[in-house]
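# Topology and contacts: notes
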Amino acid sequence: MVSLIEMEIRHLRALVAVSEHGSFSAAADALGTVQSNVSAHVARLEKELGTLLVDRSAGRLTAEGEVVAARAYRILGEIEAVTADLGALREEVGGTVRVGMIGTTARWITPVLLADLSVKHPKLHLVVADGTTSSLEPQLAAGRFDMAILTLPIPGRDLTFESLFEEDLVLVVPVDEDPLVGVNRIALTDLSRFDLLLPAPGTAFRTEIDSAVKPAGVELRPRAELDGVRLLASLTFEGYGPAILPATAVPPHLRPRFRSVGIDDLPPRHVVLAQRTRGMPSAGARAVIQTLRHLLTDPGRLPEGVRVVAAAAARAEGSLRVVGMPNG
């Protein structure tokens, strides 16, 4: 019975690896085995389920394969959590914790989070994937992450949110060709004077901006509309035009060349920690969350323009409930 259970786990791992790496050969490399083993595991799983899971000609999962893979992520995550929880009973918090993070937040928070974890929990392995809220949220819901740091609004359901911090949105302009020399803040209506690099319509970031400017009757003039804050920032830094960006989007080494101008009446973006409502965090995941909370209690470690939210808001099944944010 034990060997049968182990084989079934290997089947699921093989399918997940094909999903993540796009081919049987790449999946085999990732798993440290040979292609024939991966093919055999997937074929056995297909036989047991009575359906084709991988389209061999296209090298991708079928619709049925995507359904099975989504469950497989959760099953494998729970198996890893069992090992981590048992280790924690021996005061050895370890295992792997996978975190999705929006790009600009990942850039400043990952180094300090890693530094703290290496001291408090040296056996813990942290995997961080950066992206946009719209790309990370479905991966969290599917079980590919243990948690994710995202921005509101988030369309997904079955998630619980805990407020982490607010971050100012600013107009980033070049110092050498500064259109606002000597001006540190502008009115919301002043934004209509500029041809801006803007987030793409329908993205969470664009929704934040539009919800502020439209009631004020401000019409933005897009020079280009782009999906991804990092892409917006990169094009701004390459001289393609000013952009509305989170305060932490300008890295320290570029601050002599680009400056941030405050915008009156433009609300900050709300950054939250999201987890699956039905999930039970492993000991490793709980350690990461506790370390993250502790990090945010030290104002000296927060970048300019970031303010911790004293009380957290969590949403489950589409409803809103208020929870406290421990200071651990």
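Cut-offs and rules
Residue positions are counted from 1 within each chain, in the order its sequence is given. In keeping with the predicted nature of the model, local features appear solely for residues at pLDDT of at least 70, side-chain atom pairs appear and are counted solely at 80 or more, and the whole-chain, interface and lining totals rest on all residues. Calculation of side-chain values draws on the structure's entire complement of heavy atoms; hydrogens and water are dropped beforehand. Each residue gets one of three labels from its accessible area relative to the maximum for its type: buried under 20%, exposed over 50%, partly exposed in between, using a 1.4 Å probe on protein chains only. Numbering of helices and strands runs from the N terminus, with a helix taken as a DSSP run of H or I at least four residues long and a strand as a DSSP run of E at least two residues long. For two strands to be treated as a pair, DSSP must find at least two bridges joining them. To form a nonpolar core, buried Ala, Val, Leu, Ile, Met, Phe, Trp, Tyr and Cys residues must be joined to one another through side-chain atoms within 4.5 Å. In this analysis, two residues are considered to be in contact whenever any of their non-hydrogen atoms come within 4.5 Å of each other. In this description, one arc is meant: the one made by directions from the helix axis to the C-beta atoms. In this analysis an axis means a line fitted to C-alpha atoms, helices contributing only their contacting stretch, and an angle means the value between N-to-C directions, from 0 to 180 degrees. Oblique is the label for every angle not falling under 35 degrees (roughly parallel), over 145 degrees (roughly antiparallel), or within 65 to 115 degrees (roughly perpendicular). Ten residue types, Ala, Val, Leu, Ile, Met, Phe, Trp, Tyr, Cys and Pro, are classed as nonpolar, four, Asp, Glu, Lys and Arg, as charged, and the remainder, Gly among them, as polar. If you view the pair so one helix is near and one far, a crossing is left-handed when the near helix is turned anticlockwise from the far one by less than a right angle, and right-handed when it is turned clockwise. Pairs of N or O atoms within 3.5 Å make up the polar contacts considered here, provided that, within protein, one atom can donate a hydrogen while the other can accept it, and that residues adjacent in sequence are counted only when both atoms are side-chain atoms. Just to be clear on terms, a salt bridge is a Lys or Arg side-chain nitrogen sitting within 4 Å of an Asp or Glu carboxyl oxygen.

## Some details on the pairing of strand 7 (residues 169-174)
- Of all the six residues making up strand 7, five are buried; the element is thus mostly covered by neighbouring parts of the structure.
- As defined by bridge partners, strand 7 adjoins strand 12 (residues 258-263) across five bridges and the pair is classed as antiparallel. Looking across to strand 12, one finds that Val172 is bridged to Ser260.

## Some thoughts on the nonpolar core
- Membership of the largest hydrophobic core comes to 34 residues, with the highest contact counts inside it found for Leu171, Leu191, Leu220, Ile244, Leu245 and Ile263.
- At the level of elements, strand 7, strand 9 (195-199), helix 7 (204-213), helix 8 (229-237), strand 11 (243-246) and strand 12 are the ones that each hand at least two residues to this core.
- Here this core gets five residues from one element, more than from any other, and that element is strand 7.
- In contact with Leu171, other than residues within four places in its own chain, are Leu180, Ile186, Leu191, Phe194, Leu196, Pro242, Ala243, Ile244, Arg259, Ser260, Val261 and Ile263.
- Counting 27 residues, the second-largest nonpolar core is a separate cluster that includes Val97, Val99, Ala106 and Leu164.

## Details of helix 6 (residues 133-141)
- Those residues of helix 6 that fall on the buried side of the exposure criterion are Thr133, Leu136, Glu137 and Leu140. Buried residues of helix 6, seen end-on, are gathered within an arc of 105° and therefore sit on one face of the element.
- Of the surrounding elements, those touching the buried residues of helix 6 are strand 3 (95-102), strand 4 (124-131), strand 5 (147-151), strand 6 (159-167), helix 7 and strand 13 (269-276).
- Among the residues trailing helix 6, Gly143 stands out with phi positive, at a value near 95°.

## What about the packing of helix 2 (residues 24-31) against helix 3 (residues 35-49)?
- The N-to-C vectors of helix 2 and helix 3 enclose an angle of 105°; their axes lie 8 Å apart at closest approach. Considering the angle they form, helix 2 stands roughly perpendicular to helix 3. For the pair helix 2 and helix 3, contact is made by Phe24, Ser25, Ala27, Ala28 and Leu31 and by Gln35, Val38, Ser39 and Val42, respectively.
- For the contact of helix 2 with helix 3, the per-class residue count stands at six nonpolar, three polar and no charged.

## Here we look at the sheet that holds strand 6
- Read across the sheet, six strands follow the order 4-3-5-13-6-14 without closing on themselves; strand pairing throughout is mixed. Of all the strands in the sheet, the pair left with one neighbour each is strand 4 and strand 14 (306-308). The sheet shows a mean angle of 25° between the axes of neighbouring strands, direction not considered.
- Alignment of strand 6 against strand 14, held across three bridges, turns out to be antiparallel. Across the sheet, residue Phe165 finds its bridge partner in strand 14, namely Val308.

## Let's talk about the packing of helix 5 (residues 103-120) against helix 9 (residues 283-296)
- At a closest axis distance of 10 Å, the pairing of helix 5 and helix 9 adopts a crossing angle of 115°. Handedness of the helix 5/helix 9 crossing: right-handed. Judged by residue contacts, Trp108, Ile109, Val112, Leu113, Asp116, Leu117 and Lys120 of helix 5 engage Ala287, Val288, Thr291, Leu292, His294, Leu295 and Leu296 from helix 9.
- Considering only residue class, the contact of helix 5 with helix 9 consists of ten nonpolar, two polar and two charged.

## Describing the side chain of Glu46
- As for its position among the elements, Glu46 is in helix 3.
- At 3.2 Å, the side chain of Glu46 and the backbone nitrogen of Val54 are in polar contact.

## Overview of the environment of Leu152
- Tracing the backbone shows Leu152 in the loop between strand 5 and strand 6.
- Relative accessible area serves as the criterion here: at 27%, Leu152 is assigned to the partly exposed category.
- Taking the C-alpha atoms as reference points, Leu152 and Val272, separated by 120 residues in sequence, lie 7.2 Å from one another.
- Discounting chain neighbours no more than four positions away, the residues touching Leu152 are Phe161, Glu208, His270 and Val272.

## Overview of the pattern of salt bridges
- Counted according to the given criterion, the structure contains 13 salt bridges.
- With its nearest N and O atoms 2.7 Å apart, the salt bridge here joins Arg293 to Glu162. Residue Arg293 is located in helix 9, and its partner Glu162 is located in strand 6; the two are separated by 131 residues in the primary sequence.
- Judged by relative accessible area, which is 15%, Arg293 ranks as buried.
- Judged by relative accessible area, Glu162 falls into the buried class, the value being 8%.
- A salt bridge links Asp264 to Arg185; the nearest nitrogen and oxygen atoms lie 2.8 Å apart. Here Asp264 is found in the loop between strand 12 and strand 13, whereas its partner Arg185 is found in strand 8 (residues 185-186), with 79 residues between them in sequence.
- Judged by its relative accessible area of 32%, Asp264 is partly exposed.
- Shared partners join several salt bridges into a network, and the residues in it are Glu166, Asp168 and Arg307.

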